[in-house]
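Remarks on the overall topology
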Amino acid sequence: MCGIVAYTGKRNAAPILIDGLRALEYRGYDSAGIFLSGNLEAKLPSKLVKAVGPVNNLASKITDAYSGTAGISHTRWATHGVPSKANAHPHSDESGKVWIVHNGIIENYKELKQALQTKGYKFASETDSEVVAHLIVDKLKRLKIEQAINQTLKELRGTYGLAIMYDKEPEKIFAARMGSPLVIGLGDGENFIASDPTPILRHTKNVIYMNDGEMAIITPDSHTIFNLDNVQVNREPDQIEWSVEEVQKGGYDHFMMKEMMEAPEVVKNTLRGRLLVEDGMAKLGGLESVKDRLRQIKRIIIVGCGTAYYSGLVGEYMLEEYAGIPVEVEVGSEFRYRKPVIDEGTAILAISQSGETADTLEAIREGKRKGALTIGIVNTVGSTIARDTDAGVYNHAGPEIGVASTKAFISQLTALALFTLYMGRQRQMSLVTGKKIAEELLDLPEKIKKILDSGNLANIKKIAEKYNKFEDFLYLGRKYNYAIAFEGALKLKEISYVHAEGCGAGEMKHGPIAMIDENFPTVAVALRDSVYEKMISNIQEIKARRGPVLAIGTEGDEELAKLADDVFYVPKTLEMLSPILSVIPLQFFAYYFAVLRGLNVDKPRNLAKSVTVE
Ligand code: F6R
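About the criteria used
Residues numbered from 1 in each chain as written. Predicted model: local features only at pLDDT ≥ 70, side-chain atom pairs only at ≥ 80, totals over all residues. Heavy atoms only, no water. Helix = DSSP H or I, 4+ residues; strand = E, 2+ residues; numbered from the N terminus. Polar contact = N/O pair within 3.5 Å; in protein donor to acceptor, adjacent residues only side chain to side chain. Buried < 20%, exposed > 50% of the residue type's maximum accessible area, 1.4 Å probe, protein only. Near = heavy atom within 4 Å. Areas by Shrake-Rupley, 256 points an atom, 1.4 Å probe, with all protein chains shown as cover. 1 Å grid on protein atoms, 1.4 Å probe; cavity = no way out; pocket = protein on both sides within 12 Å on 5 of 7 lines; lining within 4 Å. Sits in = over half its atoms within 2 Å of the grid points. Nonpolar A, V, L, I, M, F, W, Y, C, P; charged D, E, K, R; others polar. Salt bridge = Lys/Arg side-chain N within 4 Å of Asp/Glu carboxyl O. Domains from an automatic or database assignment. Contact = heavy atoms within 4.5 Å. Pairing = 2+ DSSP bridges. Axes fitted to C-alpha atoms, helices over the stretch in contact; angles between N-to-C directions. Points joined across faces, edges and corners; volume = space filled by probe spheres on them. Phe/Tyr/Trp six-rings, centres within 6.5 Å; stacked < 30°, edge-to-face > 60°. Lys NZ or Arg CZ within 6 Å of the ring centre and 35° of its normal.

Looking at the secondary structure, you find K291 in helix α8 (residues 291-296). Counting along the chain gives 132 residues from K291 to M423, while the straight-line C-alpha distance between them is 9.6 Å. One polar contact links K291 to E288, side chain to side chain, over a distance of 3.0 Å.

The omega angle of the peptide bond from H89 to P90 is 0 degrees, so this bond is cis rather than trans. Locating P90 in the fold gives a position in the loop between β4 (70-76) and β5 (91-92). Positive phi, close to 50 degrees, is recorded for K479, a residue that is not glycine. Within the secondary structure, K479 is located in the loop between β23 (472-477) and α16 (482-496). Owing to a relative accessible area of 30%, K479 belongs among the partly exposed residues under this scheme. Of note, Y497 is a non-glycine position whose phi angle comes to about 65 degrees, a positive value. In this structure, Y497 sits in the loop between α16 and β24 (499-504).

A few words now on the site of the ligand. Neighbouring the ligand are 15 residues, the closest being S352, Q353, S354, T357 and E494. In this structure, Q353 approaches the ligand through a main-chain N or O atom, which is 2.6 Å from an oxygen atom. In this structure, an oxygen atom belonging to the ligand sits 3.0 Å away from a side-chain N or O atom of K491. Look at the ligand: alone it shows 400 Å² of surface, and the protein chains cover 90% of it. Here the ligand occupies the largest pocket. Looking at the shell around the ligand, the elements that each hand over two or more residues are α9 (306-322) and α16. Its residues placed into classes, the shell around the ligand shows six nonpolar, seven polar and two charged.

To continue, consider the pattern of salt bridges. Where charged atoms from two side chains of opposite charge come close, those side chains can pair. One pass over the full model with this rule turns up 39 salt bridges. With a closest N to O distance of 2.8 Å, R365 and D388 form a salt bridge. You can see R365 sitting in helix α11 (residues 358-369) and its partner D388 sitting in helix α12 (residues 384-388), a full 23 residues away along the chain. Classification of R365 by relative accessible area gives buried; the value is 19%. The closest approach of N and O atoms between D565 and K543, which form a salt bridge, is 2.7 Å. With D565 in the loop between α18 (558-563) and β27 (566-570) and K543 in helix α17 (residues 532-543), the pair connects residues that are 22 residues apart, well separated along the chain. Residue classification places D565 among the partly exposed positions, given a relative accessible area of 37%. Of the residues examined, K543 reaches a relative accessible area of 26% and is grouped as partly exposed. Linked through salt bridges whose partners overlap, the residues forming this network are R177, D212, E362, R365 and D388.

What follows concerns the domain arrangement of the protein. Per the domain assignment, the segments making up the protein are domain 1 (2-240) and domain 2 (453-604). Distance from the C-alpha centre of domain 1 to the C-alpha centre of domain 2: 45 Å.

Bringing the side chain of T75 into the picture now. Position of T75 among the secondary structure elements: in strand β4. Residues in contact with T75, not counting those within four places in the same chain, are C2, G3, L21, L24, E25, G28, Y29, S31, A32 and V55.

With respect to the helices, strands and loops of the structure, G598 is situated in the segment after α19 (578-596). Looking at G598, the relative accessible area reads 64%, which means it is exposed. With 102 residues separating them along the chain, G598 and S496 place their C-alpha atoms 9.3 Å apart.

Through backbone hydrogen bonds, the strands of a sheet pair up, either in parallel or in antiparallel fashion. With parallel pairing, the five strands of this open sheet are ordered in space as β24-β23-β25-β26-β27. Strands at the two margins of the open sheet, each flanked by one partner only, are β24 and β27. Here the strands of the sheet are splayed against their neighbours by 20 degrees on average, with no regard to which way each runs. Here strand β26 (residues 549-554) runs beside β27; their pairing, made up of five bridges, is parallel.

By the bridge criterion, five bridges tie strand β18 (residues 299-304) to strand β19 (residues 327-331) in an arrangement that is parallel. The residue of β19 that forms the bridge with G304 is V331.

So, on to the layout of surface pockets. As a volume, the largest pocket reaches approximately 500 Å³. Forming the boundary of the largest pocket are 26 residues, of which C305, G306, T307, K609 and V611 lie nearest the centre. Among the secondary structure elements, those contributing two or more residues to the lining of the largest pocket are α9, β20 (346-352) and α16. Tallied by class, the residues present in the lining of the largest pocket amount to twelve nonpolar, nine polar and five charged.

It is worth spelling out the sheet that holds strand β14 (residues 232-233) at this point. Overall, antiparallel pairing links the seven strands, which are arranged β5-β6-β7-β8-β12-β13-β14 in an open sheet. At either end of the open sheet lies a strand with only one pairing partner, and these are β5 and β14. Here strand β6 (residues 98-103) pairs with strand β7 (residues 160-166) via six bridges, running antiparallel. Bridge pairing in β7 places V101 opposite A163. Most of the contacts of helix α4 (residues 130-140) go to β6, to which it runs at about 145 degrees, and overall it touches β5, β6 and β7. Helix α5 (residues 145-155) rests against β6, β7, β8 (173-178), β12 (214-219) and β13 (222-227) of the sheet, and its axis sits at about 150 degrees to β12.

For the rest of this paragraph, the subject is the packing of aromatic side chains. Counted according to the given criterion, the structure contains 14 aromatic pairs. Among the aromatic side chains, those forming a connected cluster through ring pairs are Y467, F470, F473, F589 and F593. Between R605 and the ring centre of Y497, over which it is positioned, the NZ or CZ distance is 4.0 Å.

Here is the structure:
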């Protein structure tokens, strides 16, 4: 969703904020804005600049004259009101006393706005956010700024990450969090507020993650955190592990390409120190505190959204086959609004790259309220889901900046395989099976490297060129690769904007086959596994209707090449691990397909990296 960066210190704030916004642009990129406070002594007026489109449009409007040393800034992903200058943040009231940037949704903004309008306040935007500025100004008639903000927060319903400036105290930045992440960066004679650590880590690695219901005040030399009852909260800073290089493109054209190329390292990092090969076991330190409870659980519900949900589907098959535990998988947005049957024998496993996805987070909270054990497979250390779950497994995949999730998916599948080993060996899995899975896991990085060989990538690119003329695609898979059909289709549609549908291959004849003709190609994952013959029959059914077929096959499968129009081969591995390999060519296919159409794969239209609103 939207990105917030705020700075107060001795340096020129504008370039720091603009750089910070660039680092956060993956959260939203339809418009951006910056407010720099003035300085009466230095006769420096305050400045407001906004621009529609990417941060570069804003940057081009900032001149050397913008030399304030404190400011707030925002990159927007529209929820209320079209992307426009008027709707871009920061927002103020007519007096310009208070400026705010907001991430989240104020659910009761309509009633608040009406009440304010009755009092004579004039609104300049269609946003829900603007009410916050007016409410604070209204309360400033009676209260000091801290209390005015505190009282305003108590009137808001919904979610917010807020950074606020007040003209009478130009060096201070106020921040507040409810449901939308915020982190405080602690520097030397300067401090920061941001939606996540990426824009901060080039300045400091000392951060404090704010919790829901907290308000903070930073000046160049101090930071104070309060809860909504005005009680001061003391918390030690955390150290960010990510390096600056990790959040840059490293010579690749796109973050997505860089992140796909990192796959072998990602698998190694997810596995590092966690495999006891001789015992056929996994050691997951993050689950140590709940290990007795995990032994007792009777059922697991996996929740996630989008790509994370599809990794959960693969996890379901792994856990049921090898650990013998009943598993259900559900998208967070459905789980939270129905009445799921949950008891103490249930564990809810949340999968999330960002650790901030609102629907997944609320599913966890709902599960907790009903007495379930909650665990997470989360990539972002210190994120809300990581902190709100009882225990968990970090992915250690490094920051994922490209909006389309690629390396995080590979890491999620790897972590799920580790979790299956961990749970399975406590239950029915034999030593021999455990060892086999552990050994195959260790072999994966080399197998992925083979797929990433430059000749292979050139081949996928050629295939993408051939299929670039088509506007509709059907993706098919079965069993472990059922979810890969959906994930492959999601990758293509989200960055290419062509119609791509995932389908369980067995379901095809119950409807989707009606679409097939020579202009409707199928991408079929047909590996040499337990459902190979069935997949071959499905491909034959498509060929009989003149549908072009691009197949993902197992190395050495000459038969498949005779049937499909194009084949991309991946090395053989255990069936349960095969999605980790089969998804890679589908990610690259989507990437090349979109690049060939001249699209910005890192920032697909209408999307944002971290979906912190419902
Ligand atoms: C697709 C994609 C999304 C995310 C989903 C969940 O490429 O990135 O579908 O997977 O929004 O995000 P996280 O994993 O951050 O909870």
